[in-house]
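# Understanding the architecture of this molecule
Here are the chains, one letter per residue:
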Amino acid sequence: QVQLVESGGGLVQAGGSLRLSCVASGSITSINIMAWYRQAPGKQRELVARITPSGTTNYADSVKGRFTISRDNAKNTLYLQMNSLKPEDTAVYYCNADIRWMRVLANFWGQGTQLTVSS
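Structure report, in brief. The residue numbers shown here count from 1 along each chain, following its written sequence. For this predicted model, a pLDDT threshold of at least 70 governs which residues receive local features, and a threshold of 80 or more governs which side-chain atom pairs are given and counted, while totals over whole chains, interfaces and linings are taken from all residues. As a rule here, side-chain values cover all heavy atoms of the structure and leave hydrogens and water aside.

## Re the packing of aromatic side chains
- For Phe, Tyr and Trp, where Trp contributes only its six-membered ring, two rings pair if their centres lie within 6.5 Å, and the inter-plane angle classes them as stacked under 30 degrees, edge-to-face over 60, or tilted in between. Evaluation of the coordinates by the stated rule reveals two aromatic pairs.
- Here a set of aromatic residues connected by ring pairs shows up, and it is made of Y37, Y94 and W109.
- For a ring to carry a charge above it, either NZ of a lysine or CZ of an arginine must fall within 6 Å of the ring centroid while also lying within 35 degrees of the normal to the ring plane. Sitting over the ring of Y94, R45 keeps its end group 3.7 Å from the ring centre.
- One residue, R45, lies across the ring of W109, its end atom 4.6 Å from the ring centre.

As structure tokens, then:
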């Protein structure tokens, strides 16, 4: 059984910074793509950033230049460094990963962590 556990959310003023973490554990042979999604009140879940095992990244236009996604493959951990935060960044942030166990590839979600940015 695989688990993804996010941490690092909280309350922050506009212009501030915060770092989110996501740790994968369980029956893991390897981890392929990892990503951060977010869902704001009344909105659909959207992709924030993604990263390949080799470190290739993609960002949503709304966060490019402010957020940085990274990973530590040895620790099975994903990070999201968030700078210059805006009230519109307020959302529940979810970790997502494609994980291989033996010859089986499956997609997993974390439970989410709340970020609230005040003006």
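## Focus: the sheet that holds strand 3 (residues 18–25)
- The criterion for strand pairing is that DSSP finds at least two bridges linking the strands in question. Runs of H or I in DSSP of at least four residues are treated as helices and runs of E of at least two as strands, each being numbered from the N terminus. Ordered in space as 1-3-8-7, the four strands form an open sheet in which the pairing is antiparallel. What marks the edges here is a single partner per strand, and that holds for strand 1 (3–7) and strand 7 (67–72). Taking each pair of neighbouring strands and ignoring which way they run, the sheet shows an average axis angle of 15°.
- Sheet analysis places strand 7 next to strand 8 (residues 77–82), joined by six bridges and oriented antiparallel. Each bridged residue has a counterpart across the sheet, and for T68 the counterpart in strand 8 is Q81. For helices, the fitted axis covers only the stretch in contact; all axes are lines through C-alpha atoms, and the angles between them, taken along N-to-C directions, range from 0 to 180 degrees.

## What about the pattern of salt bridges?
- By convention in these notes, a salt bridge is any Lys or Arg side-chain nitrogen within 4 Å of a carboxyl oxygen on Asp or Glu. Overall, the coordinates contain three salt bridges when judged by the stated rule.
- With a closest N to O distance of 2.8 Å, E46 and R38 form a salt bridge.
- Between buried and exposed lies partly exposed: a residue is buried under 20% and exposed over 50% of the maximum accessible area for its type, with that area taken using a 1.4 Å probe on protein chains only. On the basis of relative accessibility, which here comes to 6%, the residue R38 falls in the buried class.
- Three or more residues joined by partner-sharing salt bridges are found here, namely R38, E46, R66 and D89.

## Let's talk about the nonpolar core
- Core analysis: the biggest nonpolar cluster contains 28 residues, and W36, L80, M82 and Y93 have the highest contact counts within it.
- Elements that contribute at least two residues to this core include exactly strand 3, strand 4 (30–39), strand 5 (46–51), strand 7, strand 8, strand 9 (91–101) and strand 11 (113–118).
- Among the elements that make up this core, the one with the highest residue count is strand 9 (five residues).
- Two residues form a contact once any of their heavy atoms are found within 4.5 Å. Filtering out sequence-adjacent residues up to four positions away, Y93 remains in contact with E6, L20, W36, Y37, R38, V48, F67, L80, M82, G112, T113 and L115. We define a nonpolar core as any set of buried Ala, Val, Leu, Ile, Met, Phe, Trp, Tyr and Cys residues linked to one another through side-chain atoms lying within 4.5 Å.

## Describing a nonpolar patch on the surface
- Patches here: salt-bridge-free residues with over 30% relative accessible area, like charges joined within 9 Å, nonpolar side chains (Val, Leu, Ile, Met, Phe, Trp, Tyr) joined within 5 Å. Here the Shrake-Rupley method, with its probe set to 1.4 Å, supplies the accessible areas, and only the displayed protein chains count as covering residues. On the surface, a nonpolar cluster with roughly 340 Å² of combined accessible area is contributed by W101, M102 and V104.
- Note that M102 resides in the loop between strand 9 and strand 10 (104–109).

## Some points on the state of the cysteines
- Two cysteine sulfur atoms form a disulfide, by the criterion used here, when they sit within 2.5 Å. Scanning the model with the defined rule gives one disulfide in all.
- The disulfide bridge from C22 ends at C95, spanning 2.1 Å between sulfur atoms. Between C22 and C95, the disulfide has an S-S torsion of -75° and is therefore left-handed. Residue C22 is found in strand 3, and its partner C95 is found in strand 9; the two are separated by 73 residues along the sequence. Like C95, C22 is buried.

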